[in-house]
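Overview (structure and organization)
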Amino acid sequence: MRRAAAILMPALALAGCGGDEARKPAPAPTPEAGASAAPAPDPAARLAAAVHAAWPEGVKQGPVTFDDNKLIDTGFGPVLVSHGHVPDAAHADGGTIAVTYLDPDGAGFRVRKSFPKALETGSFGDLAEWSVSGEFLDQPVIHAEGGGTWQGYTCSVTTLVVLRPDGPMEVANFPSLYDDSGAVADGARSIQGKIVEIRKQQGFVVKFEGTRSFAERYVWRGGKYRREGGESQIPTC
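This report concerns the structure included in the present document. (Residues numbered from 1 in each chain as written. Predicted model: local features only at pLDDT ≥ 70, side-chain atom pairs only at ≥ 80, totals over all residues. Heavy atoms only, no water.)

1. Some details on the layout of surface pockets
Reported here for the largest pocket is a volume of approximately 250 Å³. In terms of lining, the largest pocket is formed by 18 residues, of which the most central are Glu129, Glu145, Ser156, Ser176 and Gln192. The set of elements that each furnish at least two residues to the lining of the largest pocket consists of strand S7 (141-150), strand S8 (153-164), strand S9 (167-179) and strand S10 (190-199). Residues that form the lining of the largest pocket fall into these classes: six nonpolar, eight polar and four charged. (1 Å grid on protein atoms, 1.4 Å probe; cavity = no way out; pocket = protein on both sides within 12 Å on 5 of 7 lines; lining within 4 Å. Points joined across faces, edges and corners; volume = space filled by probe spheres on them. Helix = DSSP H or I, 4+ residues; strand = E, 2+ residues; numbered from the N terminus. Nonpolar A, V, L, I, M, F, W, Y, C, P; charged D, E, K, R; others polar.)

Structure representation (structure tokens):
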């Protein structure tokens, strides 16, 4: 019996050592390298869903076709910015920028607010160019150029529209191109401006070059960009 007890005691000691290990929870499995919880949304699919939400009956809305779209993710939700143009329009008709504020809805979106004419500029049913920038303010800003030619005089205007939580608002509108070479035989003038030296939430400079070279400064004051020094030096049509 003494020998059996001697054999039993080490066995019990071993069992006691393993008991704490048995009570420990099994380690959680680690995800495989490169694995992710969910695939990233496809930008093209998101844009298509946003366009469908904004224009469920198609991008042709009466005479205007909105076939150039950008989906902007903001701190107050996704916003669709759409460029619309009118083929064979009258000289006085401009191009259009529509803005649609969206809310996620399953795999798609639903419309929260719609601004079909957030910005209008240009001639013959279109504007020259447009973009959306994060350089000017803490919120996205639409930058559009639009103009035309009247009896040999060509002029263009720059328009800035900020996307605020409650809707788009114009914050700047100024002449940025003048050319009278189509109307004046001698002494024609051609001047074109470009925005440079952007200081976010403070201001920017418009640098003009051509027949004359000069610069005009705009400062952020009272919720808009305001030109310093009075009237612009660039002629208008």
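2. Examining the sheet that holds S9
On the basis of which strands lie adjacent, the open sheet formed by eight strands has the order S6-S7-S8-S9-S10-S11-S12-S13 and antiparallel pairing. With one partner strand each, in any of the chains shown, strand S6 (129-133) and strand S13 (224-227) form the two edges of the open sheet. Looking at each pair of strands side by side, their axes are set apart by 25° on average, direction ignored. (Pairing = 2+ DSSP bridges. Axes fitted to C-alpha atoms, helices over the stretch in contact; angles between N-to-C directions.)

3. Some remarks on the state of the cysteines
For the coordinates displayed, the defined rule picks out one disulfide. Two residues, Cys155 and Cys237, share a disulfide whose sulfurs are 1.8 Å apart. Handedness here is read from the sign of the S-S torsion; for Cys155 and Cys237, about 100°, the answer is right-handed. Of the two residues, Cys155 sits in strand S8 while Cys237 sits in the segment after S13, which places them 82 residues apart along the sequence. When its relative accessible area of 52% is taken as the criterion, Cys237 is described as exposed. (Disulfide = S-S within 2.5 Å. Buried < 20%, exposed > 50% of the residue type's maximum accessible area, 1.4 Å probe, protein only.)

4. Structural notes on the pattern of salt bridges
Per the stated rule, a full pass over the model turns up six salt bridges. Arg112 is the partner of Asp103 in a salt bridge, and the nearest nitrogen-oxygen pair spans 3.1 Å. Of the residues examined, Asp103 reaches a relative accessible area of 21% and is grouped as partly exposed. What makes Arg112 partly exposed here is its relative accessible area of 33%. The closest approach of N and O atoms between Arg110 and Asp105, which form a salt bridge, is 3.9 Å. Look at Asp105 and you get partly exposed, because its relative accessible area is 42%. (Salt bridge = Lys/Arg side-chain N within 4 Å of Asp/Glu carboxyl O.)

5. Observations concerning the packing of aromatic side chains
Aromatic ring pairs are defined here through the distance separating the ring centres and the angle between the ring planes. Tallying each qualifying case throughout the model produces 11 aromatic pairs. Taken together, a centroid distance of 5.8 Å and an interplanar angle of 15° make the contact between Phe76 and Tyr101 stacked. Pair noted here: Phe76 is in the loop between strand S2 (64-74) and strand S3 (77-85) and Tyr101 is in strand S4 (residues 95-105), with a separation of 25 residues, a long-range link. Exposure class is identical for Phe76 and Tyr101. Each is buried. Put simply, the rings of Phe136, Phe174, Phe204, Tyr218, Trp220 and Tyr225 touch in pairs and so form one group of aromatic residues. The ring of Trp130 is capped by Lys70, whose NZ or CZ atom sits 5.1 Å from the centre of that ring. (Phe/Tyr/Trp six-rings, centres within 6.5 Å; stacked < 30°, edge-to-face > 60°. Lys NZ or Arg CZ within 6 Å of the ring centre and 35° of its normal.)

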